[in-house]
Amino acid sequence: MIKKGFVIFLLLLCFVFNIYTKGDCALDTKYPDYAQEFIGEDKHENLNRKMFNFNLGLNKYFLRPVHVLWSSIMPEYCMDRIRGISNNIEYPIRLVSSLIQKDFETSKNETVRFFTNTILGLGGMFDPAKRLFDIEQSKENMEQALAGCNMKAGSLFVLPVLSFVTARGILGKILDTALNPGCYIATPVLAIVKAGLTLNKSAYSQPLWQMFESTYADPYEVAKKAYALDTYIKCLNLDRVDVKKDLNVKKQNVTPVEDKKEVIRVQKPENVLPKPANVVKTEVYSEVVGADVLKGGANIDEILKDFTTEDFKLGADVFLIDYNPQHPVIDSMRTALFNLPGVDESIWNELSIWNRSFSKRIKTSTVSVADGREEYSYRYILQKDKNAPVVIVYPSIGEGIMSYHSVLLGKLFYDKGYSVIIQGSHFQWEFVKSMPEGYKPGLPVKDAESLRNLTAKILESLGEKYGCVFSHKVLIGTSFGALATLFVAEKESRYSMLGDAYYIAICPPIDLIFAMKQIDKNSEDWNKSPDEFKEKVALTAAKVQKLLDVKESITEEINSLPFSEDEAKLITGFIMHQKLSDLVYTMENVPKSKKSDIYDRLNNMNYQNYTQKYLLSGLNDNVEDLSYEVSLHSIADFLAYSQDYKIYHSLNDYLTNTNQLRKLKDYTGKRTVLFDNGAHLGFLYRKEFIDDLNETITSILVKKLATR
């Protein structure tokens, strides 16, 4: 029974932390302040930032080494079993929380889970309740119970080790501790067991900490947003949303249309991949409807009224059998399904020094670019024959050297005998910190020169370190990195710094200004219904979390994603604006240790504003004046005569329109491969693309060997 003094202590905390107050929220910016919306004003930001930086240091120099040691002693299978025991012990927390909320269904399920896993699962080491009864463990805690009793979140604090927590969260953690049977272990032996359980459980948070440290220019702000959203989702029980039912839908032969104003017929090529016997027969024609494309994002600002239907005939070179398109923005998100066997496979946790999966064998090194600036970090993995050919990967906009897609593309080349060098995007905060003072990315001609110089330095550095000369190079880029790849190729055709090279571009924006407008428009569509904003964002984020949780347990091919058009735009809008925010935050040299008004400005800045402020500042030009200079049209002559490149694109990429694709095909001919679906990078996971890329890699090797 809780003593009277303990109750008084809780009431004092309520009073001191002002738990019954909440900051006002306002939706008066181009982009929402997610932390402000979901958790209120950060009244103690200066103090919180200092404590957050302390926690980062504590994690880096103390907790992480301990977790690495633990993960190197215990194989991942053993760690998972221990985590199961720890979760099973915490059953009273989940039971009491659900009972207080009068959620008797969850109370019943948790009780069934506890007794089933305790008896049949050897104390929780295994999860027969999930396997036999399909009962998932809930994520109930006492803070959710307090929220269910209409207790407001209160002020936000960053505490040592615990990191972000609200006043309500502090009370919830105290009650969680009181209800946790493991906290009453008294004997030395059992205390050691409890310490092991705690250490094992906390090790699973390391990837999140590493992501905050290495991915974002201001990890405090991103971690605060993540905490605010996660807390809101759990307190509303949105984390129980079922996404499995929406992952695989009935295959459709023709994209549904609302308004058949203009039909673009795409001829089926003769070399289309053979249809498997168990697949329902599809039509000879694939219909893409003008009005539907407009709805999807492409052609939003450019009505195609000056051309006839014949002008828009554009043949797909590869058909994605039974792709089941949903919406161009949703289809683009399928890029997250891109994966390869063997990339992360290991019996050891990713923290372990014994983990020798492909991704863990990639080394990190640095090279100096400009005096007085930070050295640039890049990643690489070399073949045993150090003189083997090498592939250099330029990722999508805002992606750093830890980009998972870069690792996957590198793996495809590595398996064919290539060494791999992974660089980050030039439109990314870490790149800017290494460039000369005042560097402002965004103009492809200048960016390509910077990228080319950096790549040459990296090649020279590795050549000196290993005493090798790479036989030839392949530069491959995705999205904005693909655009840069082609501009580098054009410069190399006039004056070579990198030597013999071939170039592969996947979904490059053809007209960068047009693509930028589409990004801005989709990103700002959230403001159409501000009254439903919080619920819509929370449900969308909950679906993302749940999808990540269940993706590993799904064996069949995912043929749809559980998002609506608005939800997809919220996700991509948040990601794209976060990348822009990180870049500007670094360019403005904002200190991380104290509060700044930078986010008041960033939440009102889109990509067009960035161009106006940083690329056109002091000039009389406007954004439209840059249109030709930053488009592939400016290097049309190179695209027409060069044979040393290949472009992959999609007919329904929402960052292009049909007219742009038609012109690109005019410039490049067979050197551009068009997919009938997949939108922007949403075909990377498909076998058709992977097979074609593997064939391209092999043909490059054959040609290079023949010319020796």
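Structural data are supplied above this passage.
Residues numbered from 1 in each chain as written. Predicted model: local features only at pLDDT ≥ 70, side-chain atom pairs only at ≥ 80, totals over all residues. Heavy atoms only, no water.

Asks: Sorry, what's going on with the overall build of the protein chain here?
Replies: Helix and strand content of the protein chain: 27 helices and 12 strands. Sorting the 708 residues of the protein chain into buried and exposed places 54% on the buried side. Of the roughly 32700 Å² of accessible surface on the protein chain, 56% is carried by carbon and sulfur atoms. (Helix = DSSP H or I, 4+ residues; strand = E, 2+ residues; numbered from the N terminus. Buried < 20%, exposed > 50% of the residue type's maximum accessible area, 1.4 Å probe, protein only. Areas by Shrake-Rupley, 256 points an atom, 1.4 Å probe, with all protein chains shown as cover.)

Asks: Which parts of the structure should I look at to understand the packing of aromatic side chains?
Replies: Two descriptors summarise a pair of aromatic rings, namely the distance from one centre to the other and the angle between the planes of the rings. Tallied over the entire structure, the rule returns 28 aromatic pairs. Consider the rings of Phe427 and Tyr610, whose centres lie 5.3 Å apart with planes at 70°: the pair is edge-to-face. One end of the pair, Phe427, is in the loop between strand S8 (419-422) and helix H17 (429-434); the other, Tyr610, is in helix H24 (residues 607-615), with 183 residues separating them in the sequence. Taking the relative accessible area as the measure of exposure, Tyr610 reaches 1% and is therefore buried. Through successive ring pairs, a cluster of aromatic residues spans Phe52, Phe164, Trp209, Tyr220 and Tyr227. Cation over ring: Arg83 sits above Tyr204, and NZ or CZ is 3.8 Å from the ring centre. For Arg334, the ring lying beneath its charged end belongs to Tyr323, and the centroid distance is 4.2 Å. (Phe/Tyr/Trp six-rings, centres within 6.5 Å; stacked < 30°, edge-to-face > 60°. Lys NZ or Arg CZ within 6 Å of the ring centre and 35° of its normal.)

Asks: Would you take a moment to explain unusual backbone geometry for this structure?
Replies: Excluding glycine, most residues fall at negative phi; most peptide bonds, likewise, are trans. Even without being glycine, Leu122 reaches a positive phi, approximately 55°. For Leu122, the position within the fold is in the loop between helix H6 (104-119) and helix H7 (128-133). For Leu122, a relative accessible area of 55% puts it in the exposed group. Positive phi, close to 65°, is recorded for Ser163, a residue that is not glycine. The residue Ser163 is located in strand S2 (residues 163-166) in this model.

Asks: So what exactly am I meant to see when it comes to the packing of helix H18 (residues 444-466) against helix H19 (residues 480-494) here?
Replies: Between two packed helices, the angle of one axis relative to the other and the distance separating the axes together describe the packing. Where H18 contacts H19, the two axes come as close as 8 Å, and the packing angle between them is 75°. Relative to H19, H18 is oriented roughly perpendicular. Touching Pro444, Val445, Ala448, Glu449, Leu451 and Arg452 of H18 are Leu483, Ala484, Phe487, Val488, Lys491 and Glu492, all from H19. For the contact of H18 with H19, the per-class residue count stands at 8 nonpolar, no polar and 4 charged. (Axes fitted to C-alpha atoms, helices over the stretch in contact; angles between N-to-C directions. Parallel < 35°, antiparallel > 145°, perpendicular 65-115°, else oblique. Contact = heavy atoms within 4.5 Å. Nonpolar A, V, L, I, M, F, W, Y, C, P; charged D, E, K, R; others polar.)

Asks: Help me understand the pattern of salt bridges in this model?
Replies: Note on pairing: side chains with opposite charge can pair once their charged atoms come close. Applying the stated criterion across every chain yields a total of 33 salt bridges. Measuring nitrogen to oxygen at the nearest pair gives 2.4 Å for the salt bridge that ties Arg240 to Glu140. Here Glu140 lies in the loop between H7 and helix H8 (142-148) and Arg240 lies in the loop between helix H12 (219-235) and strand S3 (263-266), a separation of 100 residues in the sequence. Taking the shortest distance from any N to any O, the salt bridge between Glu565 and Lys569 comes out at 3.1 Å. (Salt bridge = Lys/Arg side-chain N within 4 Å of Asp/Glu carboxyl O.)

Asks: Explanation requested: the nonpolar core in the structure shown.
Replies: For soluble globular proteins, the rule of thumb is that nonpolar side chains tend to be buried together. Core analysis: the biggest nonpolar cluster contains 162 residues, and Ile504 and Ile506 have the highest contact counts within it. The contact partners of Ile506, leaving out residues within four places of it in the chain, are Leu409, Ile476, Gly477, Thr478, Ser479, Ala482, Tyr648, Leu681, Phe683, Leu684 and Phe689. Of all hydrophobic cores here, the second largest spans 7 residues; its members include Ile93, Met142, Ala145 and Leu146. (Core = buried A, V, L, I, M, F, W, Y, C linked by side-chain atoms within 4.5 Å.)

Asks: I would appreciate a short explanation of helix H4 (residues 76-89) in the present structure.
Replies: Since there are 3.6 residues in each turn of an α-helix, residues three or four apart along the chain are aligned in direction. Its 14 residues give H4 an end-to-end C-alpha distance of 20 Å, which sits within 8% of 20 Å, the value for a rise of 1.5 Å per residue. The complete set of buried residues in H4 reads Met79, Arg81, Ile82, Gly84, Ser86, Asn87 and Asn88. (Expected span 1.5 Å × (residues − 1).)

Asks: Please clarify how the environment of Met497 should be interpreted in this entry.
Replies: Positionally, Met497 belongs in the loop between H19 and strand S10 (501-506). Look at Met497 and you get partly exposed, because its relative accessible area is 32%. Put simply, Met497 and Asn453 are 44 residues apart on the chain and 7.9 Å apart in space, counted from C-alpha to C-alpha. Apart from residues lying up to four places away in sequence, Met497 is in contact with Glu449, Arg452, Asn453, Ala456 and Glu492.

Asks: Explain the environment of Ser419 to me, please; I cannot follow it from the model alone.
Replies: Secondary-structure assignment places Ser419 in strand S8. The spatial distance from the C-alpha of Ser419 to the C-alpha of Lys384 is 8.9 Å, given a sequence separation of 35 residues. Not counting residues up to four positions away in its chain, the partners in contact with Ser419 are Ile381, Leu382, Gln383, Ala388, Pro389, Val390, Val391 and Phe470.

Asks: Quick question: what am I supposed to make of empty space enclosed by the protein here?
Replies: Across all of its chains, the model carries 4 cavities of 30 Å³ or more by this definition. Empty space within the second largest cavity amounts to approximately 110 Å³. What lines the second largest cavity is a set of 14 residues, and nearest its centre among them are Tyr31, Pro32, Tyr34, Gly573 and Phe574. Those elements that provide at least two residues to the lining of the second largest cavity are helix H20 (512-523) and helix H22 (565-587). (1 Å grid on protein atoms, 1.4 Å probe; cavity = no way out; pocket = protein on both sides within 12 Å on 5 of 7 lines; lining within 4 Å. Points joined across faces, edges and corners; volume = space filled by probe spheres on them.)

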